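Fold and geometry: a report
Chain by chain, the residues run as shown.
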Amino acid sequence: MYIRDFGVEMWMNEYENDCEINLAETCVKPFTVREIMEMTDNPQATWESLLDIQLTYGAIEGSELLRGELAKLYESAQPANIVTTHGAIGANNLVINSIVNPGDRVVSVLPTYQQLYSIPESLGAEVRICPLLPENGFLPDLDEMRSYVNENTSLICINNPNNPTGALMGRAFLEQVVEIARTCGAYVLCDEAYRGLNHTEYGENFAPGMFDLYEKGISTGSFSKAFSLAGLRLGWIAAPRDLIEAVNRHRDYNTISCGLIDDRLAAIALQNKEALLRRSLKIIADNAAVLDAWVAEEPHISYVKPQAGTTAFLKYDLAIDSKTFCSRLQHETGVMLLPGAVMDREGWLRIGYCFAEDTSELEEGLSRVSAFMEKLAQE
Ligand SMILES: Cc1ncc(COP(=O)(O)O)c(C=O)c1O
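It is worth spelling out the site of the ligand at this point. Every one of the 13 residues lining the ligand counts as a neighbour, but Gly 87, Ala 88, Ile 89, Ser 222 and Ser 224 are closest to it. The biggest single contributor to the shell around the ligand is helix H5 (residues 87-99), with three residues. Its residues placed into classes, the shell around the ligand shows five nonpolar, seven polar and one charged.

In C-alpha cells form, the structure reads like this:
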C-alpha cells in the first residue's frame, strides 16, 4: 500500500537529535518517572506496587482503572467508550482504518497532523481539503466544508486545538461541524492530542470533546502533550461503543494491548492530573508571553496568536523556502524550527515553544533566529 512520506516525522527524525535549542518539539517539558511517583500520597508504596505487576498482556482494551480515569475527561463517557492505543498516532490510525473504504469521500482540515488526510488518501478515499487560513483565525470555513460533503462522505477529520496553529474551536463552532456531518451521516474524528491546553486557568482549559457532542463523534487523545508523558507512548480513543468494537477488530491485528507499566503510570498521572496540568499551563503561559513579545518586535515575522496548545505558525517575509530556512538555521545557529513545507504549507515555520521550563532557552533561541533573519535579509 502506497502512503506519502510523513513530512513532520521525517524532519523530526533527521534533525532533532543534533540541535542545541529545540524550538520544533511539541511536547511540554516531559516528566520523569520519579516526578510522577512523587506526586502520589505515598511514593514508596506506589513504587513497590509497580514492582509487583505481573507482565502479562493485561486487560486488552486498557485497565479498568485507566479507562475509568479517561472516561472522567468527558461529560458522557463510560469506560466501555474508551480503548487505549499506542499514542494518539495509533488512535488516529485505528479510527481511520476502521471507517474509511476505497471510494469514500473524506474531508480534512490542513495544516494538521498529516495522518488525518494521508491515511485516508492511501486507503483510496477521495480527500477534500478545507484549508485553515490566517484571515479566518485558522478555523475551517464552514460553508466550504458543507460544500465538500456528499452521500459518500464517511469521515470528517478536524484537530482541536490545532497543531500547528494553536487555533481553538469552541462548543458552538464544533456543533456546526456536527451539523454538517449529520447531513450525510459521516463520523467526525477530532484529534484532541492537545486538549487540556487552552491558554486559560486550570479548570477552564479543556475544549469540549467531540465524543460528547455527536452520536458519531470520536475523540482521540494523548498522554504526550497536556500530560507531558510522551515516553509512555499511550493515547486513547473515546467513541460510541459500535465504533470501539470496529476498532478492536483492527486493533487485534496490530496492537493486542498496550504496556502494563505504561497503563499503570498513566492512571497514576490522571489521578494527579490537576498538578500535571497546572505545571503544563504555567510553562505554556510563561513561554507564550516571551513568544508574543518577540513576534511584536520582529520585523520579519507575523502570526495569529495561538489560543491553545504548544505550537504557533509563523509567517516570514524572506525570499527563501522553509526547508532551506530551517536547515540553514540549524546548521548556522543550532536552533531547530520546523519548515511549513513538511506540513504542506510553504512560507511558514512551526515553532514549539514549551519544551523547556525555563524561558531563557526560548529567549536565546529566538534571539538567534532574529540574528539569522537579519543576515538572510542582507544576502
Ligand atoms: C495533532 C497530533 N496528533 C497526534 C500526535 C501523536 O501523538 P502521540 O505522541 O500521542 O502519538 C501528535 C504528535 O505530535 C500531534 O501533534
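Moving on to the nonpolar core. Formed by 116 residues in total, the largest nonpolar core has its most connected members in Val 188, Ile 218, Ile 237 and Leu 337. Per element, the largest residue contribution to this core is eight residues, and it comes from helix H12 (residues 273-297). Two domains each donate at least three residues to this core, and these are domain 1 (7-32 + 275-372) and domain 2 (55-273). If sequence neighbours within four positions are ignored, Ile 218 has contacts with Val 95, Tyr 187, Val 188, Leu 189, Cys 190, Met 210, Phe 211, Ile 237, Ala 239 and Leu 243.

Attention now moves to the domain arrangement of the protein. Interface size is often expressed as the accessible area that is lost when the parts come together. Partitioning the protein into structural domains gives domain 1 (7-32 + 275-372) and domain 2 (55-273). Relative placement of domain 1 and domain 2: their C-alpha centres are 25 Å apart. The greatest single-element share of the side of domain 1 that touches domain 2, amounting to nine residues, is contributed by H12. The residue inventory of the side of domain 1 that touches domain 2, partitioned by class, reads 18 nonpolar, seven polar and five charged.

Let us look at the sheet that holds strand E6 (residues 187-191). Taken in spatial order, the seven strands line up as E2-E8-E7-E6-E5-E3-E4 in an open sheet, and their pairing is mixed. Each end of this open sheet is capped by a strand with a single partner; those strands are strand E2 (82-85) and strand E4 (126-131). Between one strand axis and the next, the sheet turns by 20 degrees as a mean value, whatever way the strands run. Strand direction decides the pairing type here: strand E3 (residues 105-110) and strand E5 (residues 153-159), joined by four bridges, are parallel. Bridge pairing in E5 places Val 107 opposite Ile 156. On top of the sheet, helix H8 (residues 171-184) reaches E5, E6 and strand E7 (217-222); it is set at about 170 degrees to E5, its chief contact.

It is at 9 Å that the axes of helix H4 (residues 64-71) and helix H11 (residues 260-271) come closest, and there the two elements cross at 35 degrees. When the axes of H4 and H11 are compared, the crossing they make is left-handed. Each of Leu 65, Leu 66, Glu 69 and Leu 70 in H4 lies in contact with H11, whose residues at this interface are Asp 263, Ala 266, Ala 267, Leu 270 and Gln 271. Its residues assigned to classes, the contact of H4 with H11 comprises six nonpolar, one polar and two charged.

Rules behind the numbers
- Residues numbered from 1 in each chain as written.
- Predicted model: local features only at pLDDT ≥ 70, side-chain atom pairs only at ≥ 80, totals over all residues.
- Near = placed C-beta within 6 Å.
- Helix = DSSP H or I, 4+ residues; strand = E, 2+ residues; numbered from the N terminus.
- Nonpolar A, V, L, I, M, F, W, Y, C, P; charged D, E, K, R; others polar.
- Core = buried A, V, L, I, M, F, W, Y, C linked by C-beta atoms within 7 Å.
- Buried ≥ 20, exposed ≤ 12 C-beta atoms within 10 Å, placed from the backbone.
- Domains from an automatic or database assignment.
- Contact = placed C-beta atoms within 7 Å.
- Pairing = 2+ DSSP bridges.
- Axes fitted to C-alpha atoms, helices over the stretch in contact; angles between N-to-C directions.
- Left-handed = near helix turned anticlockwise from the far one by under 90°.

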